[in-house]
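Examination of the molecular architecture
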Amino acid sequence: GDSQEGRVKSLANNLTLVQELLNKNIDIVILEAMQVEKFKNKYPNLKSITIPSSKSDFAIALAKNSELTPKINEIIEKLKAEGVFDSLKNKWFNQ
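Nothing here was measured: the structure is a model prediction, and the numbers come from that model. (Residues numbered from 1 in each chain as written. Predicted model: local features only at pLDDT ≥ 70, side-chain atom pairs only at ≥ 80, totals over all residues. Heavy atoms only, no water.)

Let's shift gears to helix α2 (residues 33-42). Along α2, the residues classified as buried are Ala33, Val36 and Phe39. One side of α2 holds all its buried residues, which, seen down the axis, span an arc of 120 degrees. In α2, the exposed residues that point more than 90 degrees away from the buried face are Met34, Lys38, Asn41 and Lys42. (Buried < 20%, exposed > 50% of the residue type's maximum accessible area, 1.4 Å probe, protein only. Helix = DSSP H or I, 4+ residues; strand = E, 2+ residues; numbered from the N terminus. Arc of directions from axis to C-beta.)

Okay, the nonpolar core next. Counting residues in hydrophobic clusters, the biggest one holds 11 residues: Leu17, Val18, Leu21, Ile26, Val29, Leu31, Val36, Phe39, Tyr43, Leu46 and Ala61. Looking at this core, the elements that each hand over two or more residues are α1 (14-22), β1 (29-32) and α2. If you tally residues by element for this core, the top one is α1, at 3 residues. Beyond its immediate chain neighbours, meaning those up to four positions away, Val18 contacts Leu31, Phe39, Tyr43 and Leu46. (Core = buried A, V, L, I, M, F, W, Y, C linked by side-chain atoms within 4.5 Å. Contact = heavy atoms within 4.5 Å.)

Of the residues in the protein, 77% reach a pLDDT of 70 or more, and the chain-wide mean stands at 78. Here strand β3 (residues 58-63) is the element of the protein with the lowest mean pLDDT, 73, and α1 is the one with the highest, 88. (pLDDT = per-residue confidence, 0-100.)

Bringing helix α3 (residues 69-81) into the picture now. If you check α3, its first and last C-alpha atoms are 18 Å apart, about what 13 residues at 1.5 Å a residue would give, namely 18 Å. All of the buried residues in α3 are Thr69, Ile72 and Ile76. The arc that holds every buried residue of α3, seen down its axis, measures 65 degrees, which confines them to one face. Facing away from the buried side of α3, by more than 90 degrees, are the exposed residues Pro70, Lys78 and Ala81. Phi turns positive, to about 80 degrees, at Gly83, one or two residues after α3. (Expected span 1.5 Å × (residues − 1).)

Opposite charge on two side chains lets them pair, provided their charged atoms get close. Taken as a whole and assessed by the stated rule, the structure comprises 3 salt bridges. In this structure, Glu74 and Lys71 form a salt bridge, with 3.6 Å as the shortest nitrogen-oxygen distance. Highlighted residues: Glu74 and Lys71, both in helix α3, separated by 3 residues, approximately one helical turn. The exposure class of Glu74 is partly exposed, given its relative accessible area of 48%. For Lys71, a relative accessible area of 46% gives the class partly exposed. One salt bridge in this structure joins Lys80 and Glu77, with 3.5 Å as the shortest N-O distance. Here Lys80 and its partner Glu77 are both found in helix α3, 3 residues apart, which amounts to about one turn of the helix. For Lys80, a relative accessible area of 35% gives the class partly exposed. (Salt bridge = Lys/Arg side-chain N within 4 Å of Asp/Glu carboxyl O.)

Now the structure itself:
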């Protein structure tokens, strides 16, 4: 596989992250839902998935019709089924 597979990249600000996504230098961006909506209004070719059940709303932004969408959905469902989301909520939000 690609040596970049599964790597996380942190950049200076959200606009830089979205530009990197639009330029296909990165595959996904995780942002607060309100920011995602603002970027989707500016860049309608973006698609988002909201991660439910958190005190803060976060979303994953992908290029529209991204081939990664089904895989990310599958991973999210697997994490939910395995109780990972609940465990993280308990750890970080005392829920």
